[in-house]
Amino acid sequence: MKFKRITTAVLAAVIAASGTVFAAAETETENETEYSGEYIAFDQIAGYIAERYIDETYTKDYIMAQGLSKLLEDDNPLLIQLLKATLESLDDYSEFYTAEEYKAFQDNIENTYYGIGIVMAMSDDGYVEILSFAEEDSKAEKAGFKIGDKIYKVDGVDVTGWSMEQVRSVIIGEENTTVNITVLRDGEEIELMTTRVATIQQATVSGGILNGNIGYIQIETFSSATSDEFAEMLDIMRDNNVENIIIDLRNNGGGVVSSAVGIAQQIVPEGKIIDVEYRQSEYNITYNSDLAEKEFDFIVLVNENTASSSEILASAVQDSGAGILVGTTTFGKAVIQNMYPLTNGSVFKITVAQYITRNGSEINHVGLTPDEEIENETSKIDTSNYTSFDYETKPSYGSSGDNVKSAKEKLSVLGFYDGDSSSGIFDEELKEAVKDFQREHSLFPYGILDIATQVKIDEVFSDIDVVTDNQLITAYEMFGGSKENLYVSE
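Residues numbered from 1 in each chain as written. Predicted model: local features only at pLDDT ≥ 70, side-chain atom pairs only at ≥ 80, totals over all residues. Heavy atoms only, no water.

Student: Residue-level account of helix α10 (residues 257-267), with values.
Tutor: The buried fraction of α10 amounts to eight of the eleven residues, a majority that puts the element mostly inside the structure. Taken residue by residue, α10 has Val-257, Ser-259, Ala-260, Val-261, Gly-262, Ile-263, Ala-264 and Ile-267 as its buried positions. (Buried < 20%, exposed > 50% of the residue type's maximum accessible area, 1.4 Å probe, protein only. Helix = DSSP H or I, 4+ residues; strand = E, 2+ residues; numbered from the N terminus.)

Shown next, in the form of structure tokens:
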């Protein structure tokens, strides 16, 4: 991409905006703690040129801008670095994106990935199998895939025994890129190639009904679809006569403001949600709820990573009396950014407004204080609840016994094994899990549960941190639930 035409203008604006810095450099000649010697030399050279160069129209700022422009006009990476530094110098949220970075940013906000248009399921023999196609007459089907095909390799990598999520992670990728997939069909290996074009939008809202008919809804982020997803979840609650709902906004860093407002309008009693104040007051806007009366009682879980749009929703619930907050003080990001696209596909984001809560609080750099301040607890895993290794036998494929059961239990917790942990049979899936563990921990990856591997599994396993979710437990108990029943399926 070519920036030559805009470089001088950009640099002039940067220099004009930071004129005090250049002026300060003149007074720092003897004290180089703030400015480098090279920078001071640059500043001094520009000053001499401005005073003595034959063309008296050259000012010091113009000379410095011209020098930087000449340096950067044919060095796009350095110019991009300058643009990033310029935006990042404003605050923690202003940012410059190349066209490629902005595409990734959008996909992340929308939780969007590109796949091949298939619906998968685990087969009985441990393969990920094509269950159906995401759309009629799909490109995957045209490429030769058939329902019942078992995915054997992805881009040459054997995925036998992998979990569905692991297989999915290597199939999805950038839009319009190709992927080679080898499938097993009637015992025959068939290699097929297709293009990633099907848009996959990950759900941002999940949940269910806990024991005691208490609802639980987790919002991971706010995308353009989040408000609609939340409305669908509320319908499930209504159909099951749920009256008390826990909304989990912990570790939700925000996202699309309109989605947070849209959810607040579904659950917050009539009145203000937030005021948004811009530098230009004519752009100021107040978001309101028209809900006559609240339908549910809410407890909202928050923590130090609950930020931005999440704080909009949490503050509206708290200030309106629709519910209370449980957890720890939120992040405190009450400013809003706008995105501005440029002709070459790059985009910059700057802070343009702040929001004020329903009760008139300014929470930027302050956060929301929960009604019930509760910390979670972290401790090491209780290894006594799991089967022990004997450090004597070395099980391999086809073996059975307590060592095999111990490996399955522990590798399952560590994320290497997805099979039946209650079985004491050393199956193919465990063999692959042992191999993966051995590779990751610099052991010989041959799939045998030797003594060194048993010792390493125990070493890694015993170091696991287990979080006691006191915040969820407290919310559940406040709605009448019993801690002993929280994780018990009805």
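Student: So what's going on with unusual backbone geometry? Residues and values would help.
Tutor: Here Asn-251, not a glycine, exhibits a phi torsion of approximately 65°, which is positive. Relative to the helices and strands, Asn-251 is located in the loop between β12 (244-248) and α10. What makes Asn-251 exposed here is its relative accessible area of 52%. A positive phi is found at Ser-308, a non-glycine position, where the angle reads about 60°. Relative to the assigned elements, Ser-308 resides in the loop between β15 (297-302) and α11 (309-320).

Student: For the pairing of strand β13 (residues 271-278), give the residues involved together with the corresponding values.
Tutor: Bridging between β13 and strand β14 (residues 285-289) involves five bridges; their strand directions are antiparallel. Bridge pairing links Ile-274 to Tyr-287 in β14. Count of turn residues in the β13/β14 antiparallel hairpin: six residues. Sheet topology places β13 next to strand β18 (residues 347-357); five bridges connect them, and they run antiparallel. Paired with Asp-275 across the bridge in β18 is Ile-356. (Pairing = 2+ DSSP bridges.)

Student: How would you sum up the pattern of salt bridges? Please name residues and give values.
Tutor: With the rule as written, the count across this model stands at 19 salt bridges. With a shortest N-O distance of 2.6 Å, Arg-250 and Asp-469 are connected by a salt bridge. Placement of the pair is Arg-250 in the loop between β12 and α10 and Asp-469 in the loop between β21 (465-468) and α15 (470-478), with a sequence separation of 219 residues. Both residues of the pair, Arg-250 and Asp-469, count as buried. Ionic contacts of the salt-bridge type, sharing partners, join the residues Asp-235, Arg-238 and Glu-295 into one network. (Salt bridge = Lys/Arg side-chain N within 4 Å of Asp/Glu carboxyl O.)

Student: Could you give an account of the pairing of β18, naming the residues involved and the relevant values?
Tutor: Bridge analysis of strand β1 (residues 95-97) against β18 gives three bridges, and the strand direction is antiparallel. From the neighbouring strand, Glu-95 faces β18, where its bridge partner is Lys-349. As defined by bridge partners, strand β17 (residues 335-341) adjoins β18 across seven bridges and the pair is classed as antiparallel. Bridging from a neighbouring strand, Tyr-340 pairs with Phe-348 of β18. Where β17 folds back onto β18 in an antiparallel hairpin, the turn is made up of five residues, including Gly-345, whose phi is positive at roughly 95°.

Student: So, the packing of helix α12 (residues 402-413) against helix α14 (residues 451-461): which residues are in play, and what are the values?
Tutor: At their nearest, the axes of α12 and α14 sit 10 Å apart, and the two run at 40° to each other. The angle between α12 and α14 falls in the class oblique. With respect to the hand of their crossing, α12 and α14 are arranged in left-handed fashion. In contact with Asn-403, Lys-410, Leu-411 and Val-413 of α12, α14 contributes Gln-454, Ile-457, Asp-458 and Phe-461. Here the residues of the contact of α12 with α14 sort into four nonpolar, two polar and two charged. (Axes fitted to C-alpha atoms, helices over the stretch in contact; angles between N-to-C directions. Parallel < 35°, antiparallel > 145°, perpendicular 65-115°, else oblique. Left-handed = near helix turned anticlockwise from the far one by under 90°. Contact = heavy atoms within 4.5 Å. Nonpolar A, V, L, I, M, F, W, Y, C, P; charged D, E, K, R; others polar.)

Student: So what's going on with the sheet that holds β15? Which residues, and what values?
Tutor: With mixed pairing, six strands are arranged side by side in an open sheet as β10-β11-β12-β15-β16-β19. Each having just a single partner strand, β10 (205-210) and β19 (372-373) make up the two edges of the open sheet. Of the pairings in the sheet, the one linking β15 to strand β16 (residues 323-327) comprises five bridges and is parallel in character. Of the residues in β16, the one forming a bridge with Val-302 is Gly-327.

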